[in-house]
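# Geometric and topological summary
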Amino acid sequence: MFSYRHGFHAGNHADVLKHTVLIAVVKHLTAKDSPLSVIDTHAGAGLYRLDDDFAGTSGEALDGIHKLRQAVVSAPLLQDYIELVASFNRPGETRIYPGSPFVVQALLRKAARDKLHLFEMHPTDSKALAAHVEQLQAGKQVTQQRADGFESLKALLPPPSRRALVLVDPSYEIKSDYSKVVAALQDSLKRFATGVYMVWYPVIPRPEAHDLPRRLKTLSNNAGKPWLHATLSIGHAEEKKERPGLTASGVFIVNPPHTVKEGLQVALPEMLAVLGRGKGKGTTLESS
Ligand code: SAM
């Protein structure tokens, strides 16, 4: 069974990268009047407390959102991210961290009939997600199910609105997740070629992780679709930790909105300046 719980990692550097990009993508897609469907295949619990046992034990948010909220940033994408996280908290505090479902929902429009479909497999996190979604009282705008996101995605494409963003953000606990991501994108592009597909992945010394961006580039190129690929590595901490944890991650987007690259050109160096720790730190940004 699954042992990954996103609560241990909420608000870390990987969430900063992922959610900053996610906000930029959703903001672009909601600038048009027509309805948008967002499908979050691996939703997590939706909301996290940064002062509970999970986050408190790991301390990962200290190298992520906490550092960023203390910094003065000028990149518009980072300002948008900080502002959105702040909207879930009392002034001056960062106790609540919104996961991808709440990041997206905060930007959706009722009047435009935008929709959010959430899938989460973990029994506890799926229950927590259901309770958090209930509190939103968002009615039909948000649906959530305890189901396999890779499988459930198929029935939702193409969406009636013909405009969709799919976020694929597995925990990669199981090695087969890497191939499932590639297969899901391949299948989805056949069903709905104009969708925007965003994949998060960990940069770790494992062949499957190393190969994933290359496989995603090949599949996008073969499908004749543009792509954007961004990575952030905060490098190793000066003090030697027994388990250094994740130090780098990447985001790959197929059919990226054209404004995202130029936003990231400004935001990534600033993200690195605030979050970078030591040996191995850096960012990359490339596109087709
Ligand atoms: N997207 C969330 C966010 O940004 O706040 C974080 C998601 S976390 C990285 C990955 C989640 O996927 C975990 O909560 C895990 O329980 C869940 N999960 C694992 N396999 C799944 C599957 N096949 N379908 C749906 N959820 C799955």
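Before reading further, recall that the structure is shown in the block above.
If you're wondering where the values come from, they're calculated on a predicted model, not measured in any experiment.

### Observations concerning the packing of aromatic side chains
Going through the model one piece at a time under the given rule, you end up with 4 aromatic pairs. Residues F88 and F102 carry aromatic rings whose centres are separated by 6.3 Å and whose planes lie at 65° to one another, so their mutual orientation is edge-to-face. Within this pair, whereas F88 is found in the loop between α4 (76-86) and β3 (96-98), its partner F102 is found in helix α5 (residues 100-105), the two being separated by 14 residues in sequence. On the basis of relative accessible area, F88 is assigned to the partly exposed category, the value being 25%. Classification of F102 as buried rests on a relative accessible area of 5%. Among the aromatic side chains, those forming a connected cluster through ring pairs are Y172, Y178 and W200. Positioned above the aromatic ring of W200, the side-chain terminus of K18 is 5.5 Å from the ring centre.

### Some words on the nonpolar core
Grouped together as the largest cluster of nonpolar side chains are 85 residues, with contacts concentrated most on V21, Y81, L165, L212, L216 and I253. Residues within four places of V21 in sequence aside, it is in contact with M198, V251, I253, V260 and L264.

### Quick look at helix α9 (residues 207-223)
Every α-helical turn comprises 3.6 residues, leaving residues that sit three or four positions apart pointing alike. Look at α9: 24 Å from first C-alpha to last across 17 residues, which is about the 24 Å you get at 1.5 Å a residue. The largest bend along α9 reaches roughly 30° and is located at P213. When we look at burial in α9, the residues that qualify are A209, L212, P213, L216, L219 and S220. Buried positions along α9 lie against α8 (176-191), β7 (196-202), β8 (227-233) and β9 (248-254).

### Some points on the site of the ligand
In the region of the ligand, 21 residues are neighbours, and H19, H42, S100, E120 and D169 sit closest. Here a nitrogen atom of the ligand and a backbone polar atom of H42 are 2.8 Å apart. Surface burial for the ligand is 98%, taken as the share of its 610 Å² of free accessible area covered by protein chains. Among the residues making up the shell around the ligand, the classes are represented as 6 nonpolar, 10 polar and 5 charged.

### Details of the sheet that holds strand β10 (residues 282-287)
With mixed pairing, the 8 strands of this open sheet are ordered in space as β5-β4-β1-β6-β7-β9-β8-β10. Edge positions in the sheet fall to β5 (142-145) and β10, since each has one partner strand and no second. Each strand axis lies, on average, 10° off the axis of its neighbour in the sheet, ignoring direction. Relative to β7, strand β6 (residues 164-168) runs parallel, the two being bridged by 4 bridges.

### Concerning the pattern of salt bridges
Under the defined criterion, the tally for this structure stands at 17 salt bridges. Among the salt bridges present, the one from K27 reaches D80, with a minimum N-O distance of 3.4 Å. Of this pair, K27 sits in helix α1 (residues 13-29) while D80 sits in helix α4, and the two are 53 residues apart along the sequence. K27 gets classed as partly exposed once you look at its relative accessible area, which sits at 40%.

### Overview of the environment of V16
With respect to the secondary-structure elements, V16 resides in helix α1. By relative accessible area, which is 0% here, V16 ends up buried. Along the sequence, V16 and M271 sit 255 residues apart, while their C-alpha atoms lie 8.5 Å from each other. Residues within four places of V16 in sequence aside, it is in contact with G11, G64, I65, L68, Y81, Y97, M271 and L275.

### Considerations on the packing of α8 against α9
Following both chains from N to C, one finds α8 and α9 inclined at 10°, their axes separated by 10 Å at the closest point. Judged by the angle between their axes, α8 and α9 are roughly parallel. In contact with Y178, S179, V181, V182, L185, Q186 and L189 of α8, α9 contributes E208, A209, L212, R215, L216, L219 and A223. Residue composition of the contact of α8 with α9, by class: 10 nonpolar, 2 polar and 2 charged.

Calculation rules
Residues numbered from 1 in each chain as written. Predicted model: local features only at pLDDT ≥ 70, side-chain atom pairs only at ≥ 80, totals over all residues. Heavy atoms only, no water. Phe/Tyr/Trp six-rings, centres within 6.5 Å; stacked < 30°, edge-to-face > 60°. Helix = DSSP H or I, 4+ residues; strand = E, 2+ residues; numbered from the N terminus. Buried < 20%, exposed > 50% of the residue type's maximum accessible area, 1.4 Å probe, protein only. Lys NZ or Arg CZ within 6 Å of the ring centre and 35° of its normal. Core = buried A, V, L, I, M, F, W, Y, C linked by side-chain atoms within 4.5 Å. Contact = heavy atoms within 4.5 Å. Expected span 1.5 Å × (residues − 1). Bend = angle between axes of the 7 residues up to and from the residue. Near = heavy atom within 4 Å. Polar contact = N/O pair within 3.5 Å; in protein donor to acceptor, adjacent residues only side chain to side chain. Areas by Shrake-Rupley, 256 points an atom, 1.4 Å probe, with all protein chains shown as cover. Nonpolar A, V, L, I, M, F, W, Y, C, P; charged D, E, K, R; others polar. Pairing = 2+ DSSP bridges. Axes fitted to C-alpha atoms, helices over the stretch in contact; angles between N-to-C directions. Salt bridge = Lys/Arg side-chain N within 4 Å of Asp/Glu carboxyl O. Parallel < 35°, antiparallel > 145°, perpendicular 65-115°, else oblique.

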